[in-house]
Amino acid sequence: MDSESEGIILLLGVTGAGKSYFINQLKRKGPVTERPVREGHTMRSQTSRCQLVEMVLEDDDGDKRSISVVDTPGFDDTERPDGEVLAEITEFLATQHALGIPLKGVLYLHKITDNRMTGSSGTYLRLLQSLIGDSAMTNVILVTTMWYMLRDEYEGEGLRRQTQLCEKYWKPLTDKGAGVTKFEGTPESAWSIVRKLAPKEPVVLDYQRQVVEEGRDLVHTNAGHSLLQKLESTKVEYSIKLKDLEDQHDEAIAIGDKAVARDKEREISEAQDVLRRIDKSVAKLGAQPGPRIKEGVAKAMKGQTAGRAVTVLAAILNITLFVVQLVVGV
């Protein structure tokens, strides 16, 4: 019997927040048919494309129901422009919405080991708000991760950081209904967090309405505009930095300091690389994917035999689907 899909949960966070680790712990709840998602603690995202994990629960009568979690590429990745990451997430959210698969909510992961809220973390938190919108905020859970990396004597410091997040940085979200929880780093903890969202009524994100229903190009969505502002600010910063580095390089050449000149050449190359990635991101924001995705879904569904909606979604997007079998009550 085909399983009844209860919907999808979206996993978001910056690169290194622990999304792939969360997914791997979730899959350890039962037999899985595919290889694990790679876990990474570097600034390079280990999730280059969205990946789905479907948790299938079967009762004594053989009836099945399922809830799926999608692991998305992380923002603030040293290898992938943010605009490319947003475009990848857009493809998933727009296709899921066009297929009519319920979205149960969003889990936003944040490392408790971060000593402070960085400028980029604040930027992506605002991006999260613009993706979701106020009306869907009750279906969001802010999840602190990496607690297992804290020594016992530093757990109190971790609790202090979480309190600070709730009282200051996350307050605009929690005031609108977002929840907060702690991921303990175990399969049981991952599954208990998923179960918090599973019974909720489905929501449509502001971003989905703007991209799919209104047919906006990305830069004219709230999320796209928020990202563009960040990109423009960073471009000004690095353009000034590049000019300073070029001046320092010329001075080093003039006085014959070859070692300093080589260092400045390396820094110039790094700054130029950042500026190139910004330009790529801005170009991605000019896309208008909604009409194309709706047309593609309609074509894919022609002659499609009945089957699980999540399987159809994975086939359309050509993404990896992991299936975990559970028994009711697990």
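What comes next is a walk through the structure.

Here is what the cut-offs are and how they apply
- Counting from 1, residues in each chain are numbered in the order their sequence is written.
- pLDDT decides what is reported in this predicted model: residues at 70 or higher carry local features, side-chain atom pairs at 80 or more are listed and counted, and totals for whole chains, interfaces and linings draw on all residues regardless.
- In computing side-chain values, all of the structure's heavy atoms are included and hydrogens and water are not.
- Here a salt bridge means any side-chain nitrogen of Lys or Arg lying within 4 Å of a carboxyl oxygen belonging to Asp or Glu.
- Under the scheme applied here, a residue whose accessible area is under 20% of the maximum for its type counts as buried, over 50% as exposed, and between as partly exposed, the area being computed with a 1.4 Å probe on protein chains only.
- Secondary structure elements are taken from DSSP: a helix is a run of H or I of four residues or more, a strand is a run of E of two residues or more, and numbering for both begins at the N terminus.
- Here a polar contact is taken to be a pair of N or O atoms separated by no more than 3.5 Å, where protein atoms must pair a possible hydrogen donor with a possible acceptor and residues adjacent in sequence count only if both atoms sit in side chains.
- Two residues form a contact once any of their heavy atoms are found within 4.5 Å.
- Between the rings of Phe, Tyr and Trp (Trp by its six-membered ring), a pair exists once the centres lie within 6.5 Å; its type follows the angle of the planes, with under 30 degrees stacked, over 60 edge-to-face, and the other angles tilted.
- Look at NZ for Lys and CZ for Arg. If either is within 6 Å of the ring centre and within 35 degrees of the ring normal, a charge sits over the ring.
- Each axis is a line fitted through C-alpha atoms, and for a helix only the stretch in contact is used; angles between axes span 0 to 180 degrees, taken between their N-to-C directions.
- Relative orientations are named as follows: roughly parallel for angles under 35 degrees, roughly antiparallel for angles over 145 degrees, roughly perpendicular for angles from 65 to 115 degrees, and oblique for any other angle.
- By convention the crossing between two helices is left-handed if the near helix lies anticlockwise of the far one by an angle smaller than a right angle, and right-handed if it lies clockwise.
- Three categories are distinguished: nonpolar for Ala, Val, Leu, Ile, Met, Phe, Trp, Tyr, Cys and Pro, charged for Asp, Glu, Lys and Arg, and polar for the others, with Gly belonging to the last.

All chains considered together, the criterion is met by 19 salt bridges. Ionic pairing is found between Arg216 and Glu214, a salt bridge with its closest N-O pair at 2.7 Å. Classification of Arg216 as partly exposed rests on a relative accessible area of 27%. You can call Glu214 partly exposed: its relative accessible area is 47%. One salt bridge connects Arg266 with Glu270, and the closest N-O pair in it is separated by 3.3 Å. Separated by 4 residues within a single helix, Arg266 and Glu270 lie in helix α9 (residues 258-284), roughly one turn from each other. What makes Arg266 partly exposed here is its relative accessible area of 44%. The structure contains a network of salt bridges with shared partners spanning Arg80, Glu84 and Glu88.

Moving on to the side chain of Asn139. Along the chain, Asn139 turns up in the loop between α3 (119-132) and β5 (140-145). A distance of 2.8 Å separates the side chain of Asn139 from the backbone oxygen of Lys104, its partner in a polar contact. With sequence-adjacent residues up to four places away left out, Asn139 is seen in contact with Lys104, Gly105, Val106, Leu197, Lys200, Glu201 and Val203.

A few words now on the packing of aromatic side chains. How two aromatic rings sit relative to each other is given by the distance of their centres and the angle of their planes. Per the counting criterion, the structure on display carries 4 aromatic pairs. Through pairs of rings, three or more aromatic residues link up here, namely Tyr21, Phe22, Tyr148 and Phe183. When the ring centre of Phe322 is taken as origin, the NZ or CZ atom of Lys27, which lies over that ring, is 3.6 Å away. Note that Lys182 overlies the ring of Trp147, its terminal NZ or CZ placed 4.1 Å from the centroid.

This part takes up the packing of helix α8 (residues 222-255) against α9. Orientation of α8 relative to α9, taken along the N-to-C sense of each, is 160°, at an axis distance of 9 Å. Considering the angle they form, α8 stands roughly antiparallel to α9. The two elements α8 and α9 cross, and the hand of that crossing is left-handed. Looking at the contact of α8 with α9 residue by residue, the class counts come to 15 nonpolar, 6 polar and 6 charged.

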